[in-house]
Amino acid sequence: REERFTLTFPGKPTVTDTTWMSQYGAALPSRVYGLVKGQSRYSAAIVDYNPVERLLVERSRACPPGANTCQGIADWGVGYWKTDIRGALLYAISKFAERDAKITTLSWNGIALVQGVELRLTNNADWSRTFASIYMHENRLVIVEATVSAGDPPPVAFNESLNWLDDQGRPVRYQGTYVNIPDVPKPLPRGAPAPAAASSP
């Protein structure tokens with residue numbers, strides 16, 4: 001409930017608290033759920049981007065006068081905090097691109113109308129295959145990853161079991177595509193009443 005997601009592992013995962021360094025240098029709290037089963041590895045990493053504004057604004061106070069990071073340009077945010085959130089998906093993809101593996105698939109995807117991306121990689125060392133899904137929901141970066149041996153079937157049931165929870169721990173599905181971008185209102189949950197029209201003065 002704390003990370004507002006559900007995921008079905010093929011066993012009980014271990015939980016490790018760690019730190020994720022964002023593209024613009026914010027040290028963000030991260031939690032990794034991991035499981036090894038036979039030759040297969042399963043994980044879900046959740047990075048909390050909610051502190052990024054505070055952290056980058058604080059850091060920007062020491063930047064050189066006149067630097068873009070100090071100016072608070074509306075589209076970027078002080079310290080580039082808005083840009084950091086907007087680019088979190090691409091930044092996570094870049095981390096996969098740094099591996100000793102070939103990206104064979106990179107595509108847009110949505111889980112319960114939350115926008116994200118899917119990757120498939122073939123690992124150069126042993127020809128195992130990695131299937132990854134990356135999403136941003138409620139300012140939380142979610143990286144779901146499963147690696148299986150070369151001849152094993154794709155771990156579709158694991159990757160596709162991801163779903164979202166609201167702040168009360170209830171499953172949520174939106175009326176339109178959810179895009180996690182600062183200053184853009186998120187869509188209403190499915191079944192929620194439409195906002196009342198503004199009355200004339």
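The preceding data block contains the structure.
Student: Go over the sheet that holds strand β6 (residues 114-123), please, and point to the residues and values.
Tutor: Reading across the sheet, the seven strands line up as β2-β3-β4-β8-β7-β6-β5 and stay open at both edges, with antiparallel pairing between neighbours. The open sheet is flanked by β2 (14-21) and β5 (101-111), the only strands paired with a single partner. Looking at each pair of strands side by side, their axes are set apart by 20 degrees on average, direction ignored. Strand direction decides the pairing type here: β6 and strand β7 (residues 129-137), joined by seven bridges, are antiparallel. Bridging from a neighbouring strand, Leu 121 pairs with Thr 130 of β7. Each of β2, β5, β6, β7 and β8 (140-148) is contacted by helix α4 (residues 88-97), which is oriented at about 165 degrees to β7, the strand it contacts most.

Student: Break down the pattern of salt bridges for me, with residues and values.
Tutor: Overall, the coordinates contain nine salt bridges when judged by the stated rule. Several salt bridges converge on common partners, so that one network encompasses Glu 2, Glu 3, Asp 17 and Arg 31.

Student: An account of unusual backbone geometry is needed here, citing residue identities and associated values.
Tutor: The phi dihedral of Ala 112 falls on the positive side, at around 50 degrees, and the residue is not glycine. Secondary-structure assignment places Ala 112 in the loop between β5 and β6. On the basis of relative accessible area, Ala 112 is assigned to the buried category, the value being 12%. Residue Trp 127 is not a glycine yet carries a positive backbone phi of 65 degrees. Exposure remark for Trp 127: the relative accessible area of 58% places this residue in the exposed category.

Definitions and limits used
Residues numbered from 1 in each chain as written. Predicted model: local features only at pLDDT ≥ 70, side-chain atom pairs only at ≥ 80, totals over all residues. Heavy atoms only, no water. Pairing = 2+ DSSP bridges. Helix = DSSP H or I, 4+ residues; strand = E, 2+ residues; numbered from the N terminus. Axes fitted to C-alpha atoms, helices over the stretch in contact; angles between N-to-C directions. Contact = heavy atoms within 4.5 Å. Salt bridge = Lys/Arg side-chain N within 4 Å of Asp/Glu carboxyl O. Buried < 20%, exposed > 50% of the residue type's maximum accessible area, 1.4 Å probe, protein only.

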